[in-house]
Amino acid sequence: MTGYETMSYHLETERLILRPWAESDAADFSELLSERGEETYTVERARKGIAGLLAGTESTGIALLPVQCRHEGDFIGYCGLIIGRSTLEEPEIAYELFRRAHNRGYATEAARAVVAAAAATGRQRLWSTVATWNAPSLRVLEKLDFVRDHLSTEENGEVVWLTRELP
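Residues numbered from 1 in each chain as written. Predicted model: local features only at pLDDT ≥ 70, side-chain atom pairs only at ≥ 80, totals over all residues. Heavy atoms only, no water.

Take the environment of R164 next. The residue R164 is located in strand β8 (residues 157-165) in this model. It is 4.6 Å that separates the C-alpha atoms of R164 and F146, two residues lying 18 residues apart in sequence. With residues near it in sequence (within four places) discarded, R164 still touches V115, Q124, R125, L126, L144, D145 and F146. At a separation of 2.5 Å, a polar atom in the side chain of R164 contacts the main-chain carbonyl oxygen of L144. (Helix = DSSP H or I, 4+ residues; strand = E, 2+ residues; numbered from the N terminus. Contact = heavy atoms within 4.5 Å. Polar contact = N/O pair within 3.5 Å; in protein donor to acceptor, adjacent residues only side chain to side chain.)

Each aromatic ring pair is characterised by the separation of its centres together with the angle its planes make. Under the counting rule described, the total for this entry stands at five aromatic pairs. Ring plane angle 50° and centroid distance 6.1 Å describe the contact between W21 and F75, whose orientation is recorded as tilted. Residue W21 is located in the loop between β2 (16-18) and α1 (26-34), and its partner F75 is located in strand β4 (residues 75-82); the two are separated by 54 residues in the primary sequence. With a relative accessible area of 7%, W21 lands in the buried category. (Phe/Tyr/Trp six-rings, centres within 6.5 Å; stacked < 30°, edge-to-face > 60°. Buried < 20%, exposed > 50% of the residue type's maximum accessible area, 1.4 Å probe, protein only.)

Remember that the coordinates give geometry; whether it matters functionally is a separate question.
Structure representation (structure tokens):
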């Protein structure tokens with residue numbers, strides 16, 4: 001592990017709860033990942049993905065957390081920190097919501113809570129990588145004071161690398 005504090009695995013905002021994964025999230029997680037349209041994710045595959053996320057959290061002290069609406073209690077996506085294309089010292093923020101949850105400010109609200117949780121670990125900077133075509137995600141990051149650092153070209157197209165200094 002690093003010299004950083006462990007990230008809080010339970011975050012609450014006015015409208016959302018971010019909490020640890022449970023096996024009961026597998027069907028919703030499968031549906032969310034399948035919504036991408038690239039391939040169908042079985043519930044069993046989602047269950048294995050959740051086990052991997054939990055193991056990663058245990059070893060790194062950072063987490064990608066399910067997001068649910070506070071009042072309805074429904075799973076609407078995930079948000080959290082990952083190593084991704086970055087490092088454990090300067091992790092990436094990642095989020096994905098069901099299309100039906102878009103345009104309501106949920107991604108910004110969840111990501112704002114994760115940025116605060118990252119700062120509480122003692123980290124100095126976060127990264128995010130987003131495909132150039134993903135204007136909604138780029139808007140979320142802009143609202144959170146992420147700034148463009150550079151572009152890279154990957155097999156699926158151009159990726160914007162953004163960064164944010166933490167207080």
